[in-house]
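Residue-level structure breakdown
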Amino acid sequence: MPEKQPTEAQHPIVIIGAGHSGVAVAAGLRTRGWEGGILLLEAEKETPYERPPLSKELLKASAPDQSTVLRKEKFYQDKRIDRLAGLTVDAIDRPGRTVLLSDGSRHGYHRLVIATGSRARALTVPGAGLPGVQALRTRDDALDLKRVLVPGARVVIIGAGYIGLEVAAAAAAKGCEVTVLEFQDRVMSRVTSEPVSRFFEQLHEQNGVRFVFGAAVTAVEGAERAERVVTADGTVHPADVVLAGIGVVPNQELADGAGLQCQDGILVDGDGRTSGAGIYATGDVTRFTSATDGASQRLECIQNALAQADRAAAHITGQAPAEAEIPWFWTVQHGVRLQTAGVRHPDDDAIVRGTPEDGKFSVVYLRNGRLAAVDTIAGLSDFRPARKLIAQGARIDPSLAVDPGTALADCVLADCDLADAGLADAALADAVIPAAPNAKELP
Ligand SMILES: Cc1cc2nc3c(=O)[nH]c(=O)nc-3n(C[C@H](O)[C@H](O)[C@H](O)COP(=O)(O)OP(=O)(O)OC[C@H]3O[C@@H](n4cnc5c(N)ncnc54)[C@H](O)[C@@H]3O)c2cc1C
């Protein structure tokens, strides 16, 4: 007699990618009472781990080579989360509701969650493939880097974003000669305002880091390995180590191949639903509509990876999600912490609270008079209230906000109707992707 095939409902929820988001979906499904199978598929072999320490603690000379695991092995056993590690998912067969793995096996899914994250954008100039040129995304990348960050090493970092700057700080602390080449005219220009950029530039320079702004890298040269980086003006920067920190690209190829709607990220709605029936996506790989200002965005941060995981788990189990959160980010450079609540736009009005020279200040960003984002340097006092006030769409009195002695909550204009501009669930529900061709099949 032929073996009885499991019905679609008996298949597990399959999650592709065991990064922050994929693991959080699995954990969230169990917390929310999902009793069926869960299968977590991951290309990397090791126990799923945290990425933020890779450019921070892990690079320190004294740090053990183990980064923090997201969950101990026992967690997966106790929660009956099956894992297959060291295999990539090569294709999604939507009509057959199965995924195809690199070992040729197929796994049926009841619901599918794509949490494939992003990868470091590749440097494409001549010589980019030479040994000694690398990016930083995985633990192996971090350990490779840690080995070569030795006193006296000439480290050239391409890109003054979060990762480039965190590595610059770690390398300088280890006695390397650090040069950061940045195309723009200031550091972190994509994510923050000029006062914050200038503060961090000075901090790095005081710690021995050298910046070259307006630098367009045209080649990496060397006989057997990278020996120098050349910029468009002909300047040659001698290098033993070259790190490209030039952003990330979403790992959306699987979704693309399966015909899901993608636009520099897999398009999802506020519940993490893609355009495909029964298929969700969460974390770095997604693009979605901001519930606060309607902007189309792709966020690369832990907060978003976890929040979207919760919303997908809630939707799959038919429950209400946790209250929506304002996105937040952090970075630590030379021991100084920058915390950001909300997403700043380049044309927001910026108000500096406190004096950057003192090393402790905030920058408040107003959009049409409403609080849109806040950067807090070396202090927590504005960060927490900011998250709440941004969610409420609070209108801020700039004349009060310039005084760091006035609590942010006390800068709210008295006639402000907080209720009409909030981060309402209705806004999230409206933040939908274009209608799916097979929308009627959606769970
Ligand atoms: C060095 C570094 C420092 C960072 N620091 C911070 C920080 O300080 N604060 C912050 O908020 N964020 C930080 N981030 C960003 C943060 O780590 C990401 O936003 C977060 O990891 C996103 O989680 P994710 O699960 O969506 O994706 P990922 O963590 O990228 O996980 C995706 C997983 O999917 C797997 N995968 C991909 N394709 C396949 C496939 N076809 N088959 C099987 N598996 C697949 C990948 O191997 C990967 O493990 C940092 C990132 C890096 C690299």
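Residues numbered from 1 in each chain as written. Predicted model: local features only at pLDDT ≥ 70, side-chain atom pairs only at ≥ 80, totals over all residues.

1. As for the confidence of the model for the protein chain
Of the residues in the protein chain, 91% reach a pLDDT of 70 or more, and the chain-wide mean stands at 91. Every residue in residues 419-443 is under pLDDT 50, and counting partners more than four places away or in other chains gives 37 contacts. (pLDDT = per-residue confidence, 0-100. Contact = placed C-beta atoms within 7 Å.)

2. A short note on the sheet that holds strand 18 (residues 266-267)
The strands making up a sheet associate through hydrogen bonds between their backbones, and the pairing can be parallel or antiparallel. The 3 strands are arranged 18-20-21 in an open sheet whose pairing can be described as mixed. Of all strands in the sheet, those bounded by a partner on one side alone are strand 18 and strand 21 (296-297). Relative to strand 21, strand 20 (residues 286-289) is paired through 2 bridges, and the arrangement is antiparallel. Bridge pairing in strand 21 links Phe288 to Gln297. (Pairing = 2+ DSSP bridges. Helix = DSSP H or I, 4+ residues; strand = E, 2+ residues; numbered from the N terminus.)

3. Considering the domain arrangement of the protein chain
Domain boundaries in the protein chain define domain 1 (13-119 + 249-316), domain 2 (133-246) and domain 3 (344-431). Using only C-alpha atoms to locate each centre, domain 2 and domain 3 end up separated by 32 Å. Of the residues lining the interface, 6 residues belong to domain 2; the matching set on domain 3 comes to 7 residues. Partitioned by chemical class, the residues of the side of domain 2 that touches domain 3 number 4 nonpolar, 2 polar and no charged. (Domains from an automatic or database assignment. Nonpolar A, V, L, I, M, F, W, Y, C, P; charged D, E, K, R; others polar.)

4. Concerning unusual backbone geometry
A positive phi angle is found at Met188, which is not glycine, with a value near 50 degrees. Within the secondary structure, Met188 sits in the loop between strand 11 (177-182) and helix 5 (194-206). With phi around 50 degrees, Asn368 is a residue other than glycine that occupies positive phi space. Tracing the sequence through the fold places Asn368 in the loop between strand 25 (361-367) and strand 26 (370-377).

5. A few points about the pairing of strand 11
Residues in a regular strand point their side chains to alternate faces of the sheet. In terms of burial, strand 11 is a largely internal element, 5 of the 6 residues being buried. Taken together, the 5 bridges between strand 10 (residues 154-158) and strand 11 define a ladder with parallel strand orientation. Note on strand 11: the bridge partner recorded for Val156 is Thr179. A crossover links strand 10 with its parallel partner strand 11, the connecting element being helix 4 (residues 162-173), and its sense is right-handed. Where strand 11 meets strand 12 (residues 210-213), 4 bridges bridge the pair, whose relative direction is parallel. Residue pairing in the sheet places Thr179 in a bridge with Arg210 of strand 12. Following the backbone out of strand 11, through helix 5 and into the adjacent parallel strand 12, one traces a crossover that is right-handed. (Buried ≥ 20, exposed ≤ 12 C-beta atoms within 10 Å, placed from the backbone. Right-handed = clockwise from strand over helix to strand, strands pointing away.)

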